[in-house]
Amino acid sequence: MTATRSVVEVRRAEDRATTTIDWLDSKHSFSFGHHYDPDNTHHGLLLVNNDDVVAPGTGFDTHPHRDMEIVTWVLRGSLVHQDSTGNSGVIYPGLAQRMSAGRGILHSEKNDSWTLTGQQSHSEPVRFVQMWVVPDESGLTPGYQQLEIDDELLRGKLVTIASGMPAHRDATAIAIHNRYAALHGARLQPGQSIELPEAPYLHLFVARGAVTLEGAGGLSEGDAVRFTSSGGQRVTATDSAEILVWEMHAGIGAAA
């Protein structure tokens, strides 16, 4: 059912569940793995917003996924993807990746441990945000896409990174199999601001830096805001910042 009551809910970074092992520091905005909270399973169509740091030379071994649109956005370092359909690639800041798990896929994600100059470095962790949204329909053919999002397009304005919405078909963005959802991003310098879109559901995540949200005050790295039947507020950087915004025009159960 589409949301009707306007709500703006701030979720602080320190309140996220955390998975910490020798090679991984993962912070979960929603229930994930053994961190289950029946009151925190999703917002709109977004089920996962994991903020992951993976140590050099390590990563997620081959594991399965099914019926999920998985978008990965790297903030620092580089990440190697390999999957059972034969796709492989290196993801780095500014390169968006989408994996459609569809009727079933196996994949692995490892810290690439290479610098931008091509020199191998075993000292740099990779940090990335991985986000999962439900697809329009189950049982799709698994797929993969990665696309460079021009750095200049992400400086000072909100740019579409991934979308299944018809309104964004001409945009420079990777495609996801949900016609009600889009991911936008912005890199802001102090004093720069953007206006949030209006939608039944929005999810704002401060990936780096610090911002202020009109009507709600200051937000720091790792903070998130869940909007219901809202939008139009201004987000202003108080420090160099990077934000990720999901715009969703349906909730789970209403997207088919």
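Residues numbered from 1 in each chain as written. Predicted model: local features only at pLDDT ≥ 70, side-chain atom pairs only at ≥ 80, totals over all residues. Heavy atoms only, no water.

*Asks:* Run through the overall build of the protein chain, naming residues and quoting values.
*Replies:* Tallying secondary structure elements over the protein chain gives zero helices and 22 strands in all. Against the 2.2 N^0.38 benchmark of 18 Å for 256 residues, the protein chain shows a C-alpha radius of gyration of 17 Å, consistent with a compact globule. Each of the three principal axes of the protein chain carries a C-alpha extent, and together these read 45 × 40 × 40 Å. Taken across its 256 residues, the protein chain has 51% of its residues classed as buried. Pairs at least 24 apart in sequence give 74% of the contacts found in the protein chain among residues at least 6 apart. Total accessible area on the protein chain is roughly 11100 Å²; 49% of this is exposed by carbon and sulfur atoms. In the protein chain, the 19 positive side-chain charges and the 31 negative ones have mean positions that sit 2 Å from each other. (Helix = DSSP H or I, 4+ residues; strand = E, 2+ residues; numbered from the N terminus. Rg over C-alpha atoms; globule rule 2.2 N^0.38 Å. Buried < 20%, exposed > 50% of the residue type's maximum accessible area, 1.4 Å probe, protein only. Contact = heavy atoms within 4.5 Å. Areas by Shrake-Rupley, 256 points an atom, 1.4 Å probe, with all protein chains shown as cover. Lys, Arg positive; Asp, Glu negative; His and termini not counted. Charge placed at Lys NZ, Arg CZ, Asp CG, Glu CD.)

*Asks:* Kindly report on the sheet that holds strand S20 (residues 224-230), identifying the contributing residues and their values.
*Replies:* The strand order across the open sheet built from seven strands is S1-S20-S17-S22-S15-S13-S14, with neighbouring strands paired in mixed fashion. A strand with exactly one partner marks an edge of an open sheet, and here the two such strands are strand S1 (7-11) and strand S14 (174-175). Relative to S20, S1 is paired through five bridges, and the arrangement is antiparallel. Paired with Arg 11 across the two strands is Ala 224, which belongs to S20. (Pairing = 2+ DSSP bridges.)

*Asks:* I'd love a proper account of the pattern of salt bridges, names of residues and values included.
*Replies:* Here the structure, examined in full by the defined rule, presents 13 salt bridges. Lys 27 serves as the salt-bridge partner of Asp 25, at 2.9 Å between the closest nitrogen and oxygen. Residue Lys 27 is classed as partly exposed on the basis of its relative accessible area, which comes to 24%. Here Asp 67 ties to Arg 66 by a salt bridge, and the two come within 3.8 Å at their closest N and O atoms. What you see here is one network of salt bridges that share partners, running through Asp 151, Arg 155, Arg 187, Arg 208 and Glu 242. (Salt bridge = Lys/Arg side-chain N within 4 Å of Asp/Glu carboxyl O.)

*Asks:* Would you mind going over the environment of His 203 in detail, with residue names and values included?
*Replies:* Following the sequence through the fold, His 203 ends up in strand S17 (residues 199-208). Taking the C-alpha atoms as reference points, His 203 and Ala 250, 47 residues apart in sequence, are found 13 Å from one another. The residues contacting His 203, other than those within four sequence positions of it, are Phe 30, His 43, Leu 46, Asn 49, Ala 224, Val 225, Arg 226, Leu 244, Val 245, Trp 246 and Met 248.

*Asks:* I'd like to hear about the nonpolar core, residue by residue, with values.
*Replies:* Of all hydrophobic cores here, the largest spans 34 residues; its most connected members are Val 71, Trp 73, Met 131, Leu 183, Leu 244 and Trp 246. Broken down by secondary-structure element, the contributors of at least two residues to this core are strand S4 (46-54), strand S6 (69-76), strand S9 (95-100), strand S11 (126-133), strand S13 (159-163), strand S15 (181-188), S17 and strand S22 (241-248). Counting residues in hydrophobic clusters, the runner-up holds 18 residues, among them Leu 196, Leu 219, Val 225 and Val 245. (Core = buried A, V, L, I, M, F, W, Y, C linked by side-chain atoms within 4.5 Å.)

*Asks:* If you had to explain the side chain of Glu 242 to someone new, which residues and values would you point to?
*Replies:* Its place among the elements puts Glu 242 in strand S22. Within the structure, the side chain of Glu 242 is placed 2.7 Å from the side chain of Trp 73, a separation counted as a polar contact. Within the structure, the side chain of Glu 242 is placed 2.5 Å from the side chain of Arg 208, a separation counted as a polar contact. Sequence-distant contacts of Glu 242, that is, excluding residues within four places in its chain, are made with Trp 73, Leu 75, Ala 186, Arg 187, Phe 205, Val 206, Ala 207 and Arg 208. (Polar contact = N/O pair within 3.5 Å; in protein donor to acceptor, adjacent residues only side chain to side chain.)

*Asks:* Can you break down the environment of Gly 77 residue by residue, with the values?
*Replies:* With respect to the secondary-structure elements, Gly 77 resides in the loop between S6 and strand S7 (79-83). In this structure, the C-alpha to C-alpha distance between Gly 77 and Tyr 92, residues 15 residues apart in sequence, is 6.2 Å. Beyond its immediate stretch of four places on either side in the chain, Gly 77 contacts Ile 91, Tyr 92, Pro 93, Glu 124, Pro 125 and Val 126.

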